[in-house]
Amino acid sequence: MTTRPALLDLGHDVGDPRRDWVLSAEGNISSRSDERHMIIKASGCSMQSMTDDDLLVVDRLAILGLLDMRAVTDETIAQAYRDAVAPTGAATRMPSVEAILHAVIYAESDASVIAHTHPTAVNALLCSTAAHLIVEGALFPDQIVVLGRRQLLIPYTDPGVPLAAAVRGALRDFIGAHGTRPRAVYLANHGLFALADSTDDAVRITAMAVKAAQILLGALAAGGPVFLSDEHADRIEGRPDEHYRRDRLADDSGRN
Ligand SMILES: [Zn+2]
């Protein structure tokens, strides 16, 4: 279980401007806290400077109900978000506008921690005609070790309930086809969701997605990417020594 201090550390880490993953109030983080709740960043605060007061406990099952309503208005959504936040004694804060997307990911997958960022290198690709190449294949072995064999790309969708509905459908298809969750979900013209097992894992996934994007941008500039063959990529994913490396990386995650 991820503690509030660990989640706060994650916010400060991914919000560090030197990483170039988010600016000001961009992005958000959350963790699964029990079978019904998640802890998520409040709307409008910066991850770099957030404090414990900016972490809200949200009833994620309650806001998922928005997906089953017809013609949801902005006011209905705002009221559902207000009702889903556990009272803190302080003035009522609103969770991130993408709280429903976090709730969908926890409902559909076994992720325990989510980090959503807008890294410049990733968005350079996601805002280009080459966006589809980000999930076309693997370019180098460590990309597979950290991000897995396949990732998910969602076409641009209106943020909030429509985007959450699109991701829900795509996650069901992905997990149905591959038997495992994607560790990186890319949103075209928007950003990256890291679907992680721990706070350290969320940083590792985000950093590797950024590195893969930088390499792909460089490969495009150098004449075009050469993806690993299916045979080689499957071999990396199935190799016992690569599983060992992945497990060692997970064991090194001391913060959770
Ligand atoms: Zn975003």
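Thresholds applied
Residues numbered from 1 in each chain as written. Predicted model: local features only at pLDDT ≥ 70, side-chain atom pairs only at ≥ 80, totals over all residues. Helix = DSSP H or I, 4+ residues; strand = E, 2+ residues; numbered from the N terminus. Rg over C-alpha atoms; globule rule 2.2 N^0.38 Å. Buried ≥ 20, exposed ≤ 12 C-beta atoms within 10 Å, placed from the backbone. Contact = placed C-beta atoms within 7 Å. Core = buried A, V, L, I, M, F, W, Y, C linked by C-beta atoms within 7 Å. Pairing = 2+ DSSP bridges. Axes fitted to C-alpha atoms, helices over the stretch in contact; angles between N-to-C directions. Parallel < 35°, antiparallel > 145°, perpendicular 65-115°, else oblique. Left-handed = near helix turned anticlockwise from the far one by under 90°. Nonpolar A, V, L, I, M, F, W, Y, C, P; charged D, E, K, R; others polar.

Colleague: What should I look at first to understand the overall build of the chain in this one?
Modeller: When its secondary structure is counted, the chain shows 10 helices and 7 strands. Computed over the C-alpha atoms, the radius of gyration of the chain is 18 Å, within 12% of the 18 Å expected from 2.2 N^0.38 for a compact globule of 256 residues. If one aligns the C-alpha atoms of the chain with their principal axes, the spans along those axes are about 55 × 40 × 35 Å. Buried positions account for 39% of the 256 residues belonging to the chain. Long-range contacts, defined as pairs at least 24 residues apart, comprise 71% of the intrachain contacts of the chain with a sequence gap of at least 6.

Colleague: Could you clarify how one ought to interpret the nonpolar core in this entry?
Modeller: Where a protein is soluble and globular, its nonpolar side chains tend to be buried together. Ile 114, Ala 115, Ala 194, Ala 196, Ile 205 and Ala 209 are the most contacted members of the largest nonpolar core, which totals 68 residues. With 8 residues, helix α8 (residues 199-221) is the single largest residue contributor to this core. Each residue touching Ile 205, except ones within four places of it in the same chain, is listed here: Val 146, Leu 147, Arg 183, Ala 184, Ala 194 and Ala 196.

Colleague: So what exactly am I meant to see when it comes to the sheet that holds strand β7 (residues 191-196) here?
Modeller: Two modes of strand pairing occur in sheets, parallel and antiparallel, and in both the strands are linked by backbone hydrogen bonds. In spatial order, the strands read β3-β2-β1-β4-β7-β6-β5; together these 7 strands make up an open sheet with mixed pairing. For this open sheet the edge positions go to β3 (55-59) and β5 (152-154), each flanked by a neighbour on one side alone. On average, each strand axis in the sheet is inclined to that of its neighbour by 20 degrees, with strand direction left out of account. For β5 and strand β6 (residues 184-187), the ladder comprises 3 bridges, and the chain directions are parallel. Note that in β6 the partner of Leu 153 across the bridge is Tyr 186.

Colleague: Please explain the pairing of β7 as it appears in this structure.
Modeller: Every regular strand shows the same layout, with side chains that alternate between the two sheet faces. Within β7, 6 of the 6 residues are buried, which leaves it mostly tucked inside the rest of the structure. Pairing of strand β4 (residues 113-117) with β7 involves 5 bridges; the strand directions are antiparallel. Opposite Thr 117, over in β7, you have Leu 192 as the bridge partner. Of the strand pairs in this sheet, β6 and β7 are connected by 4 bridges, and their pairing is antiparallel.

Colleague: Teacher, can you tell me more about the packing of helix α1 (residues 4-14) against α8 here?
Modeller: How two helices pack is summed up by the angle between their axes together with the distance between the axes. In the contact formed by α1 and α8, the axes pass within 9 Å of each other and the chain directions differ by 20 degrees. By the angle between their directions, the pair α1 and α8 is classed as roughly parallel. The crossing of α1 and α8 is right-handed. Where α1 approaches α8, its residues Ala 6, Leu 7, Asp 9, Leu 10, Asp 13 and Val 14 are matched on the opposing element by Thr 199, Ala 202, Val 203 and Thr 206. Residue composition of the contact of α1 with α8, by class: 6 nonpolar, 2 polar and 2 charged.

Colleague: What is the right way to read the environment of Pro 95 from this model?
Modeller: Locating Pro 95 in the fold gives a position in the loop between α3 (74-84) and α4 (99-108). When the 27 C-beta atoms within 10 Å are taken as the criterion, Pro 95 is described as buried.

Colleague: How do you make sense of the packing of α4 against helix α7 (residues 161-178) when you look at a structure like this?
Modeller: At a minimum axis separation of 9 Å, α4 and α7 run at an interaxial angle of 20 degrees. Considering their axes alone, α4 and α7 lie roughly parallel with respect to each other. The element α4 and its partner α7 pack so that their crossing is right-handed. Along its contact with α4, which presents Ile 100, Leu 101, Val 104 and Glu 108, the element α7 presents Val 161, Leu 163, Ala 164, Val 167, Arg 168, Leu 171, Arg 172 and Ile 175.

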